[in-house]
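Each chain is listed here by its residues.
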Amino acid sequence: MSKPLILVTNDDGYKAKGINSIVSELRELGEVVVVAPGSSMSGMSGAITVKVPIRIGKMWEEEGLSIYRCSGTPVDCVKIAINQVLHRRPDLIVSGINHGINSSVSVLYSGTMGAALEGCINEIPAIGLSLNSYEKDADFTTSAKMGKEIAIDVLKNGLPRGTCLNVNVPYTQEVKGIRVCRQADGMWAEEFEKRVDPHGGTYYWLTGYFKDHEPESEDTDEWAIKNGYASVVPCTIDMTAYDFINSLKTRLDGFDEIK
């Protein structure tokens, strides 16, 4: 039987330390093809490129590993890999390791998770992997090893249709273990700092901090990470609020009579 084909991407760029760390681990599991942005594409979520051409170039090739640089977003990378680069559909997509956390509501902004969710859309098992560190020279060793173990499980057991995994690893050499949990209820308190450039022009720089609305809840990704566990949250592409459908139907019943 042929080895598993694993597509790897990220939103930090193909040269990032995180992506190279996970590639080193995944090469032990199968054939690895990297298609990643040429530079940082953080915060791109599910963005796609529609107004300019996308360019792709092979940067490296050796037995069991090919690396491509793409001018597009993380989602572009997945799309073009599936449609133009890979010789067959991949058995697994791994996005990361992101240099920074993607827990709670950050999943909505994350280019890392945007790529993983694109895997869901294409019915390919996918993992988004992030490390809770913003240190310039962060050590990705532990997060890469954990990512490999989760990849082994997904290759063996698969994932439900339309579901991917959002994995966040605390920045410590002694991770206590894995917690399968839910997304924490929280938000970013986004505060734009007003600044003035050397020419006297006003501009704004996005800053802010995360507000956890349920810090005592022990079944969330935020709690797991803060307490030394890697969090694994199953995420779906279906954002329908099913519990609200019947109530909303009742409220809007009269509108079908409008001519």
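Higher on the page you've got the structure.
Reference entry: report on the structure contained in this document. Treat the numbers as computed from the prediction; the structure is a model and nothing was measured.

### Things to note about the overall build of the protein chain
Summing up its helical and strand segments, the protein chain has six helices and 13 strands in all. Over its C-alpha trace the protein chain gives a radius of gyration of 20 Å, about what one expects of a compact globule, namely 18 Å for 259 residues. Referenced to the eigenvectors of the C-alpha coordinate spread, the extents of the protein chain come out at roughly 65 × 55 × 45 Å. Residues counted as buried form 45% of the 259 residues belonging to the protein chain.

### Remarks on the packing of aromatic side chains
As enumerated under the stated definition, the model contains two aromatic pairs in all. Each ring, one from Trp188 and one from Phe210, has its centre 5.7 Å from the other, and the planes form 65°; the classification is edge-to-face. Here Trp188, found in strand S9 (residues 186–189), pairs with Phe210, found in strand S12 (residues 209–212); they are 22 residues apart in sequence, far enough to count as distant. Residue Phe210 is classed as partly exposed on the basis of its relative accessible area of 21%. With 6.3 Å between their ring centres and 15° between their planes, Trp223 and Tyr229 make a pair best called stacked.

### Some details on the sheet that holds strand S8 (residues 177–180)
Strand pairing in a sheet relies on backbone hydrogen bonds. The paired strands run either parallel or antiparallel. Spatially, the nine strands line up as an open sheet ordered S3-S4-S2-S1-S5-S6-S7-S13-S8, and their pairing is mixed. Edge strands, defined here as strands with exactly one partner in the open sheet, are strand S3 (56–62) and S8. Here the strands of the sheet are splayed against their neighbours by 20° on average, with no regard to which way each runs. Set on the sheet, helix H1 (residues 17–26) makes contact with strand S1 (5–9), strand S2 (31–37), strand S4 (65–70), strand S5 (92–99) and strand S6 (126–131); between it and S5 the angle comes to about 140°. Seen against the sheet, helix H3 (residues 111–121) touches S1, S5, S6, strand S7 (163–169) and strand S13 (229–236) and runs at an angle of roughly 170° to S6.

### Re the pattern of salt bridges
Under the defined criterion, the tally for this structure stands at 14 salt bridges. Among the salt bridges present, the one from Lys148 reaches Glu28, with a minimum N-O distance of 2.4 Å. Placement of Lys148 in helix H4 (residues 141–157) and of Glu28 in the loop between H1 and S2 is noted, with a sequence separation of 120 residues between them. Taking the relative accessible area as the measure of exposure, Glu28 reaches 57% and is therefore exposed. Arg182 is the partner of Glu214 in a salt bridge, and the nearest nitrogen-oxygen pair spans 2.7 Å. Pair noted here: Glu214 is in the loop between S12 and helix H5 (221–226) and Arg182 is in the loop between S8 and S9, with a separation of 32 residues, a long-range link. Glu214 gets classed as buried once you look at its relative accessible area, which sits at 15%. One salt-bridge network, held together by shared partners, links Glu25, Glu28, Lys145 and Lys148.

### So, empty space enclosed by the protein
Scanning the entire structure with this criterion turns up one cavity of 30 Å³ or more. Of the voids in this model, the largest cavity is the one considered here, and its volume is about 30 Å³. For the largest cavity, the full set of lining residues is Leu131, Asp139, Thr142, Ser143, Val169, Pro170, Tyr171, Thr172 and Gln173. Looking at the lining of the largest cavity, its residues break down into four nonpolar, four polar and one charged.

About the criteria used
Residues numbered from 1 in each chain as written. Predicted model: local features only at pLDDT ≥ 70, side-chain atom pairs only at ≥ 80, totals over all residues. Heavy atoms only, no water. Helix = DSSP H or I, 4+ residues; strand = E, 2+ residues; numbered from the N terminus. Rg over C-alpha atoms; globule rule 2.2 N^0.38 Å. Buried < 20%, exposed > 50% of the residue type's maximum accessible area, 1.4 Å probe, protein only. Phe/Tyr/Trp six-rings, centres within 6.5 Å; stacked < 30°, edge-to-face > 60°. Pairing = 2+ DSSP bridges. Axes fitted to C-alpha atoms, helices over the stretch in contact; angles between N-to-C directions. Contact = heavy atoms within 4.5 Å. Salt bridge = Lys/Arg side-chain N within 4 Å of Asp/Glu carboxyl O. 1 Å grid on protein atoms, 1.4 Å probe; cavity = no way out; pocket = protein on both sides within 12 Å on 5 of 7 lines; lining within 4 Å. Points joined across faces, edges and corners; volume = space filled by probe spheres on them. Nonpolar A, V, L, I, M, F, W, Y, C, P; charged D, E, K, R; others polar.

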